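# An overview of the molecular structure
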Amino acid sequence: QATGWRSDYGPWLFALMSRIEKPLTPDTGSILRDLALFCSLERWRLVNSLATKSQSQDETTSTKQESEPDKGEKSKLPEDDTRKSGSDEDKKSAKDSEENGAISAEAEAQFAAYNLFICLVAKYFNQGDLADS
């Protein structure tokens, strides 16, 4: 728990959990409950960090839109310079969307792993009080 979560842990923990026999010993049950609680806490942190990033991006976007001139106003730049700056903006927004997509895919994988372990502990190992309602 002190080192956080790495993607390598998922398959390793799943393999260990597949070897656990029921009925659970009290120590094994306690460890599984700790795992489910850790996954629940990390999932909550992930959701909050994504919400915070989303809010900050929304604020940045709205600030940027307020600072840009209306489309009705003509820029004093020559026609060629306007096209060049527009393509630079397109490249920047494409790069931003690629970065957000990569973060989103990684976050989805982590979210799915946390949900899997919570579900396994709650349903298969009969720790129903830990299940999401």
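Residues numbered from 1 in each chain as written. Predicted model: local features only at pLDDT ≥ 70, side-chain atom pairs only at ≥ 80, totals over all residues. Heavy atoms only, no water.

Within the protein chain, the secondary structure is distributed over three helices and zero strands. Secondary structure elements in the protein chain, listed N-terminal to C-terminal, are α-α-α. The burial tally for the protein chain puts 17% of its 133 residues in the buried class. Restricting the contact set of the protein chain to residue pairs at least 6 apart, pairs at least 24 apart contribute 78%. When the accessible surface of the protein chain is totalled, it reaches about 10,400 Å², and 54% of it is carbon and sulfur. (Helix = DSSP H or I, 4+ residues; strand = E, 2+ residues; numbered from the N terminus. Buried < 20%, exposed > 50% of the residue type's maximum accessible area, 1.4 Å probe, protein only. Contact = heavy atoms within 4.5 Å. Areas by Shrake-Rupley, 256 points an atom, 1.4 Å probe, with all protein chains shown as cover.)

Mapped onto the elements, Q127 comes out in the segment after α3 (79-124). Apart from the residues lying within four places of it in its own chain, the contact partners of Q127 are L24, R33, V121 and A122.

This brings us to the side chain of R43. Secondary-structure assignment places R43 in helix α2 (residues 26-67). Other than its neighbours up to four places away in sequence, R43 contacts F111, Y114, N115, I118 and D132.

This part takes up helix α1 (residues 9-18). Restricting attention to buried positions, one finds in α1 the residues G10, L13 and M17. End-on view of α1: buried residues confined to an arc of 75°, all on one side of the axis. Exposed residues on α1 whose side chains face more than 90 degrees from its buried face are P11, W12 and S18. (Arc of directions from axis to C-beta.)

A separate point is the packing of aromatic side chains. If you walk through the whole model with that rule in mind, you get one aromatic pair. Relative to F125, the ring of Y124 has its centre 4.8 Å away and its plane inclined at 85°; by these criteria the two rings are edge-to-face. On the basis of relative accessibility, which here comes to 44%, the residue Y124 falls in the partly exposed class. Residue classification places F125 among the buried positions, given a relative accessible area of 3%. The lysine or arginine in question, K22, covers the ring of Y124, its NZ or CZ lying 4.3 Å from the ring centre. (Phe/Tyr/Trp six-rings, centres within 6.5 Å; stacked < 30°, edge-to-face > 60°. Lys NZ or Arg CZ within 6 Å of the ring centre and 35° of its normal.)

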